[in-house]
Each structure stands twice: as C-alpha cells, then as structure tokens.
Amino acid sequence: GAGVSQSPSNKVTEKGKDVELRCDPISGHTALYWYRQSLGQGLEFLIYFQGNSAPDKSGLPSDRFSAERTGGSVSTLTIQRTQQEDSAVYLCASSGRLRGPSSTDTQYFGPGTRLTVL
Amino acid sequence: TQLLEQSPQFLSIQEGENLTVYCNSSSVFSSLQWYRQEPGEGPVLLVTVVTGGEVKKLKRLTFQFGDARKDSSLHITAAQPGDTGLYLCAGGGGADGLTFGKGTHLIIQP
C-alpha cells in the first residue's frame, strides 16, 4: 500500500488476555517505530527497529510488552496479560533512510490501533 | 530526558482570527518537528526546523525555531475550520524515537 497500515483498527479485550498488534510499514522503509498515545501521557516512544537488527527494548513500559519484526518488514507488538492501564492508541511509523535514521528523517505514521482493556 | 512543553493545551477561536502555539524545552534540540493529527488518524508531519532562528512558512502557517534551539512556535494567520486538529511538536528521533509534547487541541469555529 501507499502508507503505513495497522491492524486491527480497534481491539477490545479483557484484562489478563494477550493481544497482538500488527504494523505494515511503507514498502522499502528500513526504520520502524512503535509509539503509544494515551490521554494523560501524550505520545510516547516504545521501540525502534532498523532493518533486521535487534531492537533496544528499554523503552517498553514493562516486560509484558514485546515486539518483533520479521524479514525487515512487518512488525508485531504483543502485550501479554493486558492491564487497564494498557488502554491507549498504539501507533506505528516508518522512515526510509537506508544508512540508518537521523533526527531529520520524516516518520510516516499509520492510523493506529485503539486498544481498550476492560 | 528531554521534555517538550506545549501551550496552550486547548484553544478555541473564531474563524479569521490569528493564533500562536508554543513549544518549549530546557534542552537543546538539533531539530524540531511539527505534526498535525486528526481524530482516528496518525500524526502528519507539517515541517522540520533545523537551524536556530529559522522561519518556515507553509501557506498561512509560520513556524519559528528559537535562536538557542530550545523552543519553537507555530503561528496561524486567519484560521479556518479546516485548521482544527491536534498540533504536536516533537524533537529527537533516530534510534531513540521522537519525543513529543502533549499537544495543543485547536478548534476553529465557523
């Protein structure tokens, strides 16, 4: 597709269940980012992938969160044993600088997945 | 940790009025970006400012980067209902991701 796509667009789950969120970046983009947007916190950075390199997981909120990127393209963000405080919009973004990201690279965002934990 | 503070948090004005949104930090940023986000969508980049003192114009929107590269402003002239949205400033990027301000919710009433 022309832009970043995310699925599902909405997810309602019960506390304690696991959820998997998917991101399809723009074709050819090597850098992929996950962010979380909640009412009180605004947009916060979670994790970054550059190609197939192992990510720095230090930005993930807890060890219940994990992310992977297969084949340097599609990424999934998994939240285990969801809690009500995990409710938020999860946004994915990609950018295309081949030599590695720089601070002036444009990040293109997907529409997000709205997660509601009951 | 670099923080970005935006003000005002909410702004509702009449069509045709002018407004300014501010983005401030105690840290120096190599660049700052401004995004606009509409409900149900992801943020869309409006502009990147890189040089201290830089001014960029995008139609009725004027963006300024402070001389010390710690602050930025967005000025909208003759606001229109189509300008309604959440305006976000962001800095950093690269492997550490972007640091976002909490945003300014702007409503332009016809």
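Look a little higher up for the structure.
Keep in mind it's a predicted model, so treat the numbers as computed, not measured. (Residues numbered from 1 in each chain as written. Chains lettered and ligands numbered in written order. Predicted model: local features only at pLDDT ≥ 70, side-chain atom pairs only at ≥ 80, totals over all residues. Heavy atoms only, no water.)

Undergrad: How do you make sense of the side chain of B:D83 when you look at a structure like this?
TA: By secondary structure assignment, the location of B:D83 is in the loop between β8 (71–76) and β9 (85–92). B:D83 gets classed as buried once you look at its relative accessible area, which sits at 8%. (Helix = DSSP H or I, 4+ residues; strand = E, 2+ residues; numbered from the N terminus. Buried < 20%, exposed > 50% of the residue type's maximum accessible area, 1.4 Å probe, protein only.)

Undergrad: Quick question: what am I supposed to make of the state of the cysteines here?
TA: Defined simply, a disulfide is a covalent bond joining two cysteines at their sulfur atoms. All names here are of chain A. Counting across every chain of the model gives 2 disulfides over all chains. Here C23 is linked by a disulfide to C92, with a sulfur-sulfur distance of 1.8 Å. Disulfide C23 to C92: torsion about the S-S bond roughly -65°, handedness left-handed. Pair noted here: C23 is in strand β3 (residues 19–24) and C92 is in strand β8 (residues 88–95), with a separation of 69 residues, a long-range link. What makes C23 buried here is its relative accessible area of 0%. (Disulfide = S-S within 2.5 Å.)

Undergrad: Looking at this structure, I do not really get the sheet that holds strand β7 (residues 75–79) of chain A. What am I missing?
TA: What holds strands together in a sheet is hydrogen bonding between their backbones, with the strands either parallel or antiparallel. Residues and elements named next belong to chain A. Spatially, the 4 strands line up as an open sheet ordered β1-β3-β7-β6, and their pairing is antiparallel. Here the strands that pair on one side only, and so sit at the sheet edges, are β1 (5–7) and β6 (65–69). Averaged over all pairs of adjacent strands, the angle between strand axes in this sheet comes to 15°, irrespective of strand direction. (Pairing = 2+ DSSP bridges. Axes fitted to C-alpha atoms, helices over the stretch in contact; angles between N-to-C directions.)

Undergrad: Honestly, the environment of B:F65 in this entry has me stumped. Any pointers?
TA: In this structure, B:F65 sits in strand β7 (residues 61–65). Linking B:F65 and B:P81, residues 16 residues apart in sequence, is a C-alpha distance of 26 Å.

Undergrad: How should I be thinking about the interface of chain A and chain B in this particular structure?
TA: Interfaces are often sized by the amount of accessible area the parts lose when they come together. Taken together, the 19 residues of chain A in the interface contact 23 residues of chain B. Of the roughly 1,500 Å² buried at the junction of chain A and chain B (both faces included), carbon and sulfur atoms supply 55%. If you look at where chain A meets chain B, you find 0 salt bridges. The interface formed by chain A and chain B includes 4 residue pairs in polar contact (both at pLDDT 80 or more). Of all the elements in the fold, those that place two or more residues in the side of chain A that touches chain B are β4 (31–38) and β5 (42–50) of chain A. (Contact = heavy atoms within 4.5 Å. Buried area = accessible area lost by both parts, 1.4 Å probe. Salt bridge = Lys/Arg side-chain N within 4 Å of Asp/Glu carboxyl O. Polar contact = N/O pair within 3.5 Å; in protein donor to acceptor, adjacent residues only side chain to side chain.)

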